[in-house]
Protein chains: 2
Amino acid sequence: MSHDFQSFWQRKKVLVLSGGVGGAKLVHGLTRILPETSLNIGVNTGDDFDWMGLWICPDLDTILYTLSERAPIDRGWGIANDTFHLLDALRDLGGPDWFMLGDQDLAVHLMRTHALCTGQSLSEVTTALFRAHKLRTQIFPMAETPQATRIEDLQGETHSFQDWLVKLRAVPKVKRVVFQGDGEPSHALMESIHAADLVILPPSNPFVSIDPILRLTGVRELLRIKPVIGVAPIIHGQAVKGPLAEMIPTLLSQPPTAHALAAYYEDLLDLYVVAPGDASSSCTVACVERDIMMRDIAARDRLAADVLDLARTHIFAADT
Amino acid sequence: MSHDFQSFWQRKKVLVLSGGVGGAKLVHGLTRILPETSLNIGVNTGDDFDWMGLWICPDLDTILYTLSERAPIDRGWGIANDTFHLLDALRDLGGPDWFMLGDQDLAVHLMRTHALCTGQSLSEVTTALFRAHKLRTQIFPMAETPQATRIEDLQGETHSFQDWLVKLRAVPKVKRVVFQGDGEPSHALMESIHAADLVILPPSNPFVSIDPILRLTGVRELLRIKPVIGVAPIIHGQAVKGPLAEMIPTLLSQPPTAHALAAYYEDLLDLYVVAPGDASSSCTVACVERDIMMRDIAARDRLAADVLDLARTHIFAADT
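None of the values given here were measured: they were computed from a predicted structure. Along each chain, numbering runs from 1 in the same order as the chain's sequence is written. Ligands are numbered from 1 and chains lettered from A, in the order in which they are written. Local features in this predicted model are restricted to residues whose pLDDT is 70 or higher, and side-chain atom pairs enter the listing and the counts only when it is 80 or higher, whereas totals over whole chains, interfaces and linings include all residues.

**Structural notes on the overall build of chain A**
Then, in step 1: Secondary structure is summarised from DSSP: a helix means a run of H or I of at least four residues, a strand means a run of E of at least two, and numbering begins at the N terminus for each. Secondary structure assignment for chain A yields 13 helices and 14 strands.
Then, in step 2: C-alpha atoms define the radius of gyration, and 2.2 Å times the number of residues to the power 0.38 defines the globule rule. In terms of overall size, chain A behaves like a compact globule, its C-alpha atoms giving a radius of gyration of 19 Å where 320 residues would be expected to give roughly 20 Å.
Then, in step 3: With the C-alpha coordinates aligned to their principal axes, the bounding extent of chain A is approximately 65 × 45 × 35 Å.
Then, in step 4: Each residue is classed by its C-beta neighbour count within 10 Å, where at least 20 other C-beta atoms makes it buried, 12 or fewer makes it exposed, and intermediate counts make it partly exposed; the C-beta atoms are placed from backbone geometry. Looking at chain A residue by residue over its 320 residues, the buried ones come to 47%.
Then, in step 5: By sequence separation, contacts in chain A at least 24 residues apart represent 65% of the contacts at least 6 residues apart. We call two residues in contact if the C-beta atoms placed from their backbones are at most 7 Å apart.

**Some details on the interface of chain B and chain A**
Then, in step 1: Taken together, the 22 residues of chain B in the interface contact 22 residues of chain A.
Then, in step 2: Among the elements of the structure, α4 (85–92), α5 (103–117) and α6 (122–132) of chain B are those that each provide at least two residues to the side of chain B that touches chain A.
Then, in step 3: If one sorts the elements of the side of chain B that touches chain A by residue count, α5 of chain B sits on top with 10 residues.
Then, in step 4: In this count, Pro and Cys sit with the nonpolar residues alongside Ala, Val, Leu, Ile, Met, Phe, Trp and Tyr, while Asp, Glu, Lys and Arg are called charged and the others, Gly among them, polar. For the side of chain B that touches chain A, the class distribution of residues is 13 nonpolar, eight polar and one charged.

**Focus on the confidence of the model for chain A**
Low-pLDDT stretches of the model should not have their predicted coordinates read in fine detail.
Then, in step 1: For every residue, the predictor assigns a confidence score, pLDDT, that lies between 0 and 100. Put simply, chain A has an average pLDDT of 95, and 99% of its residues get 70 or more.
Then, in step 2: In the predicted assembly, ipTM is 0.91 and pTM is 0.94.

**Things to note about the sheet that holds strand β9 (residues 198–201) of chain A**
All names here are of chain A.
Then, in step 1: On the basis of which strands lie adjacent, the open sheet formed by seven strands has the order β5-β2-β1-β9-β10-β13-β14 and parallel pairing. Two strands in the sheet have a free side with no partner beyond their single neighbour: β5 (138–141) and β14 (287–289). Within the sheet, the average angular offset between the axes of one strand and its neighbour, ignoring direction, is 20°.
Then, in step 2: The pairing of strand β10 (residues 228–231) with strand β13 (residues 271–274) spans three bridges and is classified as parallel. Each bridged residue has a counterpart across the sheet, and for Ile229 the counterpart in β13 is Leu271. By the convention used here, strands pair only if DSSP detects at least 2 bridges between them. All axes here are fitted lines through C-alpha atoms, helices being fitted over the stretch that makes contact, and every angle between N-to-C directions spans 0 to 180 degrees.

**Notes on the nonpolar core**
Then, in step 1: Nonpolar cores are identified as sets of buried Ala, Val, Leu, Ile, Met, Phe, Trp, Tyr and Cys residues joined via C-beta atoms within 7 Å. Counting 182 residues, the largest nonpolar core has Ala232 of chain A together with Ala232 of chain B as the members making the most contacts within it.
Then, in step 2: Not counting chain neighbours up to four residues away, the residues in contact with Ala232 of chain B comprise Pro203, Ala258, Leu261, Tyr272, Val273, Val274, Ala275, Asp278 and Ile292 of chain B.

**Considering the sheet that holds strand β7 (residues 158–160) of chain B**
All names here are of chain B.
Then, in step 1: As summarised here, the arrangement of the three strands in space is β7-β6-β8, forming an open sheet in which the pairing is antiparallel. Whereas interior strands pair on both sides, the edge strands pair on one side only; in this sheet they are β7 and β8 (174–179). Taking the axes of each pair of neighbouring strands and ignoring which way they run, one obtains an average angle of 30° across the sheet.
Then, in step 2: Of the strands in this sheet, β6 (149–153) and β8 are in contact with helix α9 (residues 206–214), which crosses β8 at around 25°.

**A look at the pairing of strand β6 (residues 149–153) of chain A**
Residue and element names in this part refer to chain A.
Then, in step 1: Pairing between β6 and strand β8 (residues 174–179): five bridges, direction antiparallel. Bridging across to β8, Glu152 finds its partner in Arg176.
Then, in step 2: Where β6 folds back onto strand β7 (residues 158–160) in an antiparallel hairpin, the turn is made up of four residues, including Gly156, whose phi is positive at roughly 90°.

**Some remarks on the environment of Pro249 of chain A**
Residue and element names in this part refer to chain A.
Then, in step 1: Inspection of the secondary structure assignment puts Pro249 in helix α11 (residues 244–252).
Then, in step 2: In this structure Pro249 comes out as partly exposed when scored by C-beta crowding, with 13 C-beta atoms within 10 Å.
Then, in step 3: Considered as a pair, Pro249 and Val174 are 75 residues apart in the sequence and their alpha carbons are 9.8 Å apart.
Then, in step 4: Leave out the neighbours within four places in its chain, and Pro249 touches Gln254, Pro255 and Pro256.

**Brief notes about the packing of helix α5 (residues 103–117) of chain A against helix α6 (residues 122–132) of chain A**
Residues and elements named next belong to chain A.
Then, in step 1: Interaxial distance between α5 and α6 falls to 9 Å at its minimum, and their mutual angle equals 140°. As far as their axial angle goes, α6 and α5 are oblique. Judged by the twist between their axes, the crossing of α5 over α6 is right-handed. Together, Val108, Met111, Arg112, Ala115 and Leu116 of α5 and Leu122, Val125, Ala128 and Leu129 of α6 make up the contact between the two elements.
Then, in step 2: Along the lines of polarity and charge, the residues of the contact of α5 with α6 split into eight nonpolar, no polar and one charged. Orientation is classified from the angle alone, with under 35 degrees giving roughly parallel, over 145 giving roughly antiparallel, 65 to 115 giving roughly perpendicular, and any other angle giving oblique. Here a crossing is taken to be left-handed if its near helix is turned anticlockwise relative to the far helix by less than a right angle, and right-handed if that turn runs clockwise.

**Some details on the relation of the copies chain B and chain A**
Then, in step 1: Expressed as a screw transformation, the operator carrying chain B onto chain A has a rotation angle of 180° and an axial translation of 0.0 Å, and the superposed copies differ by an RMSD of 0.0 Å. Both chain copies can therefore be described as sitting about a two-fold axis. Across chain B, the rotation axis passes nearest the C-alpha of Asp103 of chain B, at a separation of 3.6 Å.
Then, in step 2: Mapped onto chain A, 100% of the interface residues of chain B again fall at the interface, so both copies present the same surface. Only residues with pLDDT of at least 70 in both copies contribute their C-alpha atoms to the least-squares superposition of the copies.

Printed below as a string of structure tokens:
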């Protein structure tokens with residue numbers, strides 16, 4: 001990156017509000033081009049759950065493994081080349097095996113759970129885990145206490161998020177996403193929103209990755225007065241990953257398009273980055289087309305640079 | 001085993017009070033020759049400890065792995081051919097690595113801890129773990145609640161048992177063994193002592209494996225009126241395994257001999273089985289010499305049969 005780029009962003013604070021895989025990839029690109037102190041990452045913890053007494057934070061872990069380049073290329077969870085010896089042994093003892101947890105992955109959950117039990121906050125544990133991975137990223141959970149996302153299906157049954165997503169493979173159609181917990185955001189989240197010159201909503205699921213953050217007390221109100229750029233998690237009507245495309249028709253009564261999501265975020269977004277061909281005249285938000293598919297690390301860097309350039313052109317145009 | 005053997009022991013209840021490796025080997029032999037319903041195993045839990053929030057019961061596990069023939073031939077802990085991927089990953093995160101725990105081994109600790117946390121008693125969990133290993137052994141912990149054994153060294157410092165044994169490699173000389181907890185024995189232990197026609201003290205460390213059981217409320221008093229056969233954990237002045245030989249001179253002010261231990265148990269023992277050449281005229285308890293070294297499974301079976309035959313000859317002589 002040029003000296004001009006560096007000196008411009010050195011003076012800005014960029015906050016990303018992220019879910020799992022899509023968010024993690026864009027965050028990875030951003031960490032590779034932005035000055036360390038310019039970037040803050042606030043992460044959804046609505047998916048967090050207790051597994052055999054271990055506290056698992058899927059979105060925090062996905063970012064941890066993505067940034068440390070331990071994430072597998074071919075699947076959206078866990079650590080590349082991990083083994084499953086503990087889980088196999090647990091199955092033989094009659095334990096649960098519906099959630100895949102590798103041996104190295106479990107070390108992270110054990111470390112986190114133990115630290116939480118000895119009184120550390122989730123923010124402190126998260127920082128420690130990132131430092132242990134030699135990552136200096138400024139990253140924090142959206143909340144210190146559990147704020148569980150639950151799924152109410154069309155039959156009126158309510159499922160824990162992981163039960164719905166993993167055990168039931170997201171088959172029951174979603175009538176409503178329900179948020180539990182006291183809605184108290186982490187101190188780090190509120191501070192980073194206050195400090196932010198730019199907020200990025202990466203290509204994460206709006207309903208189950210971004211909304212859990214937005215619904216926390218005071219968050220949406222504060223974001224409304226901030227410049228916000230979103231990146232669409234839908235390309236030509238399809239989700240890059242996960243159950244999003246199936247959720248839009250039931251939750252928004254519309255076909256699954258990027259501009260349906262733009263309209264959903266309308267009160268927040270200043271600019272929405274969509275795939276080539278996905279900008280529509282019916283879009284209620286300023287949309288720009290870029291290649292948003294992140295197939296490899298170069299594509300993450302390129303999209304990160306595109307998003308920052310768009311922010312500079314469209315949002316900070318008056319700045320030097 | 002002969003029909004006569006079977007029908008004799010069918011009508012008896014044999015209780016073994018066991019520590020780790022030595023006890024486990026004799027128990028293994030006994031399970032292979034005695035009718036299932038004749039044998040009860042009460043196990044020391046004074047070594048139990050919390051490791052990263054997991055509750056580990058070394059002596060119960062040693063028996064579990066020995067009876068299921070998962071124990072390694074060449075070392076006294078864990079599971080043969082286990083891997084250490086979780087522990088290796090934990091070390092990279094700054095976690096503890098002084099206590100070796102394999103991936104399959106950890107599955108047992110995770111299962112136990114989770115069951116305890118959901119309200120099961122240690123006895124219930126133990127039964128479930130043995131059943132999951134397809135073992136129908138009647139086995140139970142000496143107590144349901146923690147009764148920690150601690151080591152006070154000659155410098156007056158007190159260590160948790162595993163810190164002393166594993167972290168400090170049993171180097172600090174033992175001034176005194178200290179027992180914590182309320183001293184409440186498990187219901188199963190007291191019931192099995194009441195019911196016992198014969199009690200066997202296998203070749204386990206008297207000070208840190210058997211005493212923790214004997215000191216529980218009411219146990220020693222009840223054992224005094226029962227026929228008790230012991231098997232020496234010392235052969236020609238050396239412990240088969242562990243720090244026992246070094247403990248005897250400081251704790252009993254005597255050289256490490258089988259008859260020093262016979263005298264230590266004097267009020268309880270009816271017969272003490274020692275290695276060839278270890279019976280001494282200074283022995284205050286009736287001693288008989290047998291090959292008590294259990295090098296392989298055949299030797300476990302042989303010693304188990306020897307102990308039962310000795311009981312039959314010396315203790316049940318009046319019975320048919």
